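Given next are the chains, with one letter for each unit.
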Amino acid sequence: MKRSALAVLRETFGHAGFRGAQEEIIGHVASGGDALVLMPTGGGKSLCYQVPSLLREGTGIVVSPLIALMQDQVAALKLVGVRAAFLNSSQDADTARTVERALLAGHLDLLYVAAERLTLPRCLDLLAKSKIALFAIDEAHCVSQWGHDFRPEYLQLSVLQERFADVPRIALTATADPQTRTEIATRLGLDGARLFVSSFDRPNIRYTIVDKADPRAQLLRFIREDHMGEAGIVYCLSRRKVDETAAWLAGQGVNALAYHAGLETQTRTEHQARFQSEDGIVMVATIAFGMGIDKPDVRFVAHLDLPKSMEGYYQETGRSGRDGLPADAWMAYGLADLVLQRRLIEQSEGSEAFKRVSGAKLDALLGLCETAGCRRVRLLGYFGEDSRPCGNCDTCLAPPGTWDATDAARKALSAIYRTGQRFGAVHLIDVLRGKSGERVTRWDHDKLGVFGIGADIDEANWRSVFRQLVALGFTQVDHEAHGALKLTAASRNVLKGEQSVEMRKVVARAKSASAGRASVSAALSGDALPLFDRLKAWRAGEARSQGVPAYVILHDSTLAEIARTKPRTLDALGMIGGIGASKLAKYGEALVGLAGAELSESP
Ligand code: ADP
Ligand code: ZN
């Protein structure tokens, strides 16, 4: 007898109910319809093809660009009792043949295949001889030649429609822009497919953007205070900075590893594997570390450098908190970041049109950094979604407010002018604040009328003034002259007092922002915490002996729920999210035992 979608969700995957559009998508695909699914990272795309594959006759074929990921996904599926396998170049011929035989015999529910493999004539012939439930094309934006994840082999996937006209196809991506959406539909022949667009909001992620003063120390404080012992990603722009930051963090007692394209393949693979399977590793990485990360319990993503667009920022921060538990997206941002990104655009090989588009994308991100309003409203607005202030970002938690910076802007521009347009912001701030040092006296800048006229404004706010003046085009950076600031045509209006300038205040690090800590363990009250730690230790042992990542055994959210409710019976345990029939049978005794021991110990 056929099971219902909800029964599969509950019995096999152990989830209580569907999220968002999952149910509708699953219903549509299970009854044979094509679908194009846009859902943010962590939204729950996998179930949209996994459940229909189990409901329909035959095997669901999943096309994925990432060989490394297939293995974990298949391991996770097998643990819940789904008959899953993969075919890719990492296997030897014997293993591959065994998988092929299982497919032909109808013994597989799901088969993951690398795109370049799938489009080989031999593989297509194999599929033609098998009973196929559906095709799922994951990371479908890889078909877009404009995107940064372009994979030429994805272009060949249009063959699926030609050869398997009766088999439903579902394409999935977390890339939101309309251009990519159209490209996917056209290139994969999905023009007739039903489109499902989910909200891109990730309510469990708390966005924080801080004024960059001493980035390493700021990062360390952020990790120590809110995320010690938890998994996170720290993004840097250059390989060198990745290496240096990882080494420095390690020296400070943080379990940090480095990842970038310049490392030897073996080291890189090993670091990635450790990040995936061990608890609490902080990966310091360039954006080369990205799409392949399917770790649900990444508790924070920190940016030490500014990404180049809202899309980049959203995708990178989206790698945190996929399990739906509280997570942090934290970024330190300063004038140098803005200058560097502008220069990269100017000096790129791209056409004028490309530079214009890149400049506009960067400006949108700067708008997010400088806003005094809700960060989430800005982010979602950029992706075409209206929303209300979220209450879970730094500006909502500690509203910075704005101030009339017209006078300060004038003083700043005067300082630039009086010092001959040959100095950067650091020196100019010293002059304005009346701080005489070697450099100031050498140039006789302490004798200028502007010396000390801005002593009433602190350094952080001056940095912010200069940053915003650059962002708004009232001054520009001379890349030839070591980042000296120069006046622009627009400066005049400000200097003459004809244009008023409103700016965001820099607030001293607000205590309240870290008060409602975003950490999972912090959400557990006193006596649940030791049990949570014991459950994690038990899970680590299981993961090691089975050779799978810890989260494949059970998610943090499930362990936290057990720690909180301390189920005494298998029935009670079975009610907890993440515990399906198969996991209940496998781990039930052990878990109830751990929870029970805790009970008898506590007074
Ligand atoms: P995506 O591929 O969209 O990034 P995943 O499919 O990996 O997201 O799902 C993200 C996380 O959410 C996973 O840990 C998954 O187990 C969980 N999840 C998905 N759907 C549900 C649901 N209906 N109920 C509970 N958890 C869910
Ligand atoms: Zn907000």
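Calculation criteria
- Throughout, residues of each chain are indexed from 1 in the direction in which the sequence is written.
- Here every chain gets a letter starting at A, and every ligand a number starting at 1, in the order they are written.
- Reporting in this predicted model follows two pLDDT cut-offs: at least 70 for local features of residues, and 80 or more for side-chain atom pairs to be given and counted; totals over whole chains, interfaces and linings ignore these cut-offs and use all residues.
- Note: side-chain values were computed over all heavy atoms of the structure, leaving out hydrogens and water.
- A 1.4 Å probe rolled over the protein chains alone gives each residue an accessible area, and that area as a share of the maximum for its type sets the label: buried under 20%, exposed over 50%, partly exposed in between.
- Helix and strand definitions here come from DSSP, where helices need a minimum of 4 consecutive H or I residues and strands a minimum of 2 consecutive E residues; each element is numbered from the N-terminal end.
- The criterion used for residue contact is that any of the two residues' heavy atoms lie within 4.5 Å.
- Ligating atoms shown are N, O and S within 2.8 Å of the metal, or 3.2 Å for Na, K and Ca, and water is not included, meaning a site may look less than complete.
- Under the classification used here, a metal with four donors is tetrahedral if each angle lies between 85 and 135 degrees, square planar if opposite donors are over 155 degrees apart and the others between 65 and 115, a six-donor metal meeting that same test is octahedral, and anything else is irregular.
- Note on ring pairs: Phe, Tyr and Trp rings are taken, using the six-membered ring of Trp, and paired if centres are within 6.5 Å. Classes follow the plane angle, with under 30 degrees stacked, over 60 edge-to-face and the rest tilted.
- Each ring is checked for a lysine NZ or an arginine CZ that lies within 6 Å of its centre and within 35 degrees of its normal; such an atom marks a charge sitting over the ring.
- Here the limits of each domain have been adopted from an automatic or database domain assignment.
- Defined here as a combined quantity, buried area equals the accessible surface (1.4 Å probe) lost by two parts on assembly, summed across both.
- Salt bridges are defined as contacts in which a side-chain nitrogen from Lys or Arg sits within 4 Å of a carboxyl oxygen from Asp or Glu.
- Under the rule applied, a polar contact is a pair of N or O atoms within 3.5 Å (in protein, one hydrogen donor and one hydrogen acceptor; residues adjacent in sequence only if both atoms are side-chain atoms).
- Note on residue classes: Ala, Val, Leu, Ile, Met, Phe, Trp, Tyr, Cys and Pro are nonpolar, Asp, Glu, Lys and Arg are charged, and everything else, Gly too, is polar.
- Each residue after the first adds 1.5 Å to the expected span of a helix.
- One bridge is not enough; two strands pair if DSSP finds at least two bridges between them.
- Every axis corresponds to a line fitted to the C-alpha atoms, with the helix fit spanning only the stretch in contact, and the corresponding angles, defined between N-to-C directions, vary from 0 to 180 degrees.

Asks: Got a minute to help me understand helix H20 (residues 425-433) in this structure?
Replies: Residues lying three or four places apart along an α-helix face the same way, a consequence of the helix completing one turn every 3.6 residues. Among all positions in H20, only Ala425, His427, Leu428, Ile429, Val431 and Leu432 are buried. Tucked inside the fold, the buried residues of H20 contact helix H15 (335-346), helix H19 (406-418), helix H21 (438-442), helix H22 (459-471) and strand E16 (484-487). One or two positions beyond H20, positive phi appears at glycine 434, with a value near 70°.

Asks: Could you clarify how one ought to interpret the coordination of the zinc ion (ligand 2) in this entry?
Replies: Ideal geometry at a metal centre: 109.5 degrees between donors when four sit tetrahedrally, and 90 or 180 degrees when six sit octahedrally. Protein-derived coordination of the zinc ion (ligand 2) comes from Cys374 (SG), Cys390 (SG), Cys393 (SG) and Cys396 (SG), at a distance range of 2.3 to 2.4 Å. Every donor counted, the 4 donor atoms about the zinc ion (ligand 2) form angles of 102 to 119° at the centre, which fits tetrahedral coordination. Taken in chain order, the donor set of the zinc ion (ligand 2) reads C-x15-C-x2-C-x2-C. One end of the pair, cysteine 374, is in the loop between helix H16 (352-370) and helix H17 (375-382); the other, cysteine 396, is in helix H18 (residues 394-397), and 22 residues separate them in sequence.

Asks: How should the packing of aromatic side chains be read in this particular structure?
Replies: Two measures describe an aromatic ring pair: the distance that separates the ring centres and the angle between the ring planes. Inspection of the entire model under this criterion finds 12 aromatic pairs. Seen from their ring centres, phenylalanine 275 and phenylalanine 289 are 5.4 Å apart, and the 80° between their planes marks the pair as edge-to-face. With phenylalanine 275 in helix H13 (residues 265-277) and phenylalanine 289 in the loop between strand E11 (282-285) and strand E12 (300-303), the pair connects residues that are 14 residues apart, well separated along the chain. Phenylalanine 289 shares its class with phenylalanine 275; the two are buried. On the numbers, 5.5 Å between centres and 80° between planes, the contact of tryptophan 538 with tyrosine 587 is edge-to-face. In this pair, tryptophan 538 sits in helix H25 (residues 528-546) while tyrosine 587 sits in helix H29 (residues 581-601), placing the two residues 49 residues apart along the sequence. Judged by relative accessible area, tryptophan 538 falls into the buried class, the value being 15%. Given a relative accessible area of 3%, tyrosine 587 falls into the buried group. One aromatic cluster in this structure is built from Phe200, Tyr314, Tyr382 and Phe383. Stacked on the ring of phenylalanine 275, the Lys or Arg lysine 295 has its end atom at 5.5 Å from the ring centre.

Asks: So what exactly am I meant to see when it comes to the domain arrangement of the protein here?
Replies: A common way to state how big an interface is: give the accessible area lost once the parts meet. By the assigned domains, the protein splits into domain 1 (5-197), domain 2 (205-333 + 379-397), domain 3 (402-504) and domain 4 (529-601). One C-alpha centre belongs to domain 2, the other to domain 3, and the line joining them spans 32 Å. With 6 residues of domain 2 at the contact, the number on the domain 3 side is 4 residues. Summed over both sides, the interface of domain 2 with domain 3 buries roughly 410 Å², with 35% coming from carbon and sulfur. By the criterion of area lost to domain 3, the three top residues of domain 2 are Asp211, Tyr333 and Thr395, representing 78% of everything that side buries. A salt bridge links aspartate 211 to arginine 467; its shortest N-O distance comes to 2.7 Å. Summed over the shared surface of domain 2 and domain 3, the number is 2 residue pairs in polar contact (both at pLDDT 80 or more). Its residues assigned to classes, the side of domain 2 that touches domain 3 comprises 2 nonpolar, 1 polar and 3 charged.

Asks: Mind showing me how you'd approach helix H4 (residues 67-79) here?
Replies: Helix length check: H4 (13 residues) gives 19 Å between terminal C-alpha atoms against 18 Å at 1.5 Å per residue, within 8%. Three or more residues of H4 are buried, namely Leu69, Met70, Asp72, Gln73, Val74, Leu77 and Leu79. Among the residues trailing H4, glycine 81 stands out with phi positive, at a value near 90°.

Asks: Teacher, can you tell me more about unusual backbone geometry here?
Replies: Residues apart from glycine generally show negative phi values, whereas peptide bonds are mostly found in trans. In this structure, glutamine 421 takes a positive phi of about 55° despite not being glycine. Summarising the element assignment, glutamine 421 is placed in the loop between H19 and H20. Here glutamine 421 falls in the partly exposed class, since its relative accessible area comes to 27%. The phi dihedral of lysine 566 falls on the positive side, at around 45°, and the residue is not glycine.

Asks: How should I be thinking about the side chain of glutamine 91 in this particular structure?
Replies: Mapped onto the fold, glutamine 91 is located in the loop between strand E3 (84-87) and helix H5 (93-104). Judged by its relative accessible area of 18%, glutamine 91 falls in the buried class. Among the polar contacts listed, one links the side chain of glutamine 91 to the backbone oxygen of phenylalanine 86, at a separation of 2.7 Å. At 3.0 Å, the side chain of glutamine 91 forms a polar contact with the backbone nitrogen of asparagine 88. Those residues in contact with glutamine 91, other than ones at most four positions away along the chain, are Phe86, Ala96 and Val99.

Asks: How should the pattern of salt bridges be read in this particular structure?
Replies: Oppositely charged side chains are able to pair whenever their charged atoms sit close together. Summed over all chains, the structure comprises 33 salt bridges. Residues arginine 463 and glutamate 459 are paired through a salt bridge, measuring 3.8 Å at the closest nitrogen-oxygen approach. On the criterion of helical spacing, the pair formed by arginine 463 and glutamate 459 is a turn pair, its members being 4 residues apart in helix H22. Taking the relative accessible area as the measure of exposure, glutamate 459 reaches 36% and is therefore partly exposed. Between lysine 486 and aspartate 478 there is a salt bridge, with the nearest N and O atoms lying 3.7 Å from each other. A residue is classified by how much of its surface remains accessible, and aspartate 478, at 19% relative accessible area, is buried. Within this structure, Asp211, Glu370, Asp430, Lys435, Glu459, Arg463 and Arg467 form a network of salt bridges that share partners.

Asks: When you look at the sheet that holds strand E8 (residues 205-211) in this model, what are you seeing that I'm missing?
Replies: The strands that make up a sheet pair up through hydrogen bonds in the backbone, lying either parallel or antiparallel. The parallel open sheet is built from 6 strands, whose spatial order is E8-E13-E12-E9-E11-E10. With partners counted over all chains shown, the strands left at the sheet margins are E8 and strand E10 (256-259), one partner each. Strand-to-strand twist in this sheet, taken as the mean axis angle between neighbours without regard to direction, amounts to 15°. Here E10 runs beside E11; their pairing, made up of 4 bridges, is parallel. Within E11, the residue paired with alanine 258 across the bridge is valine 284.

Asks: Honestly, the pairing of strand E15 (residues 475-478) in this entry has me stumped. Any pointers?
Replies: For a regular strand, the rule is simple: side chains alternate between the two faces of the sheet. Bridge count between E15 and E16: 4 bridges; the pairing is antiparallel. Residue pairing across strands places aspartate 478 opposite alanine 484, the latter belonging to E16. Count of turn residues in the E15/E16 antiparallel hairpin: 5 residues, of which histidine 482 carries a positive phi of about 50°.

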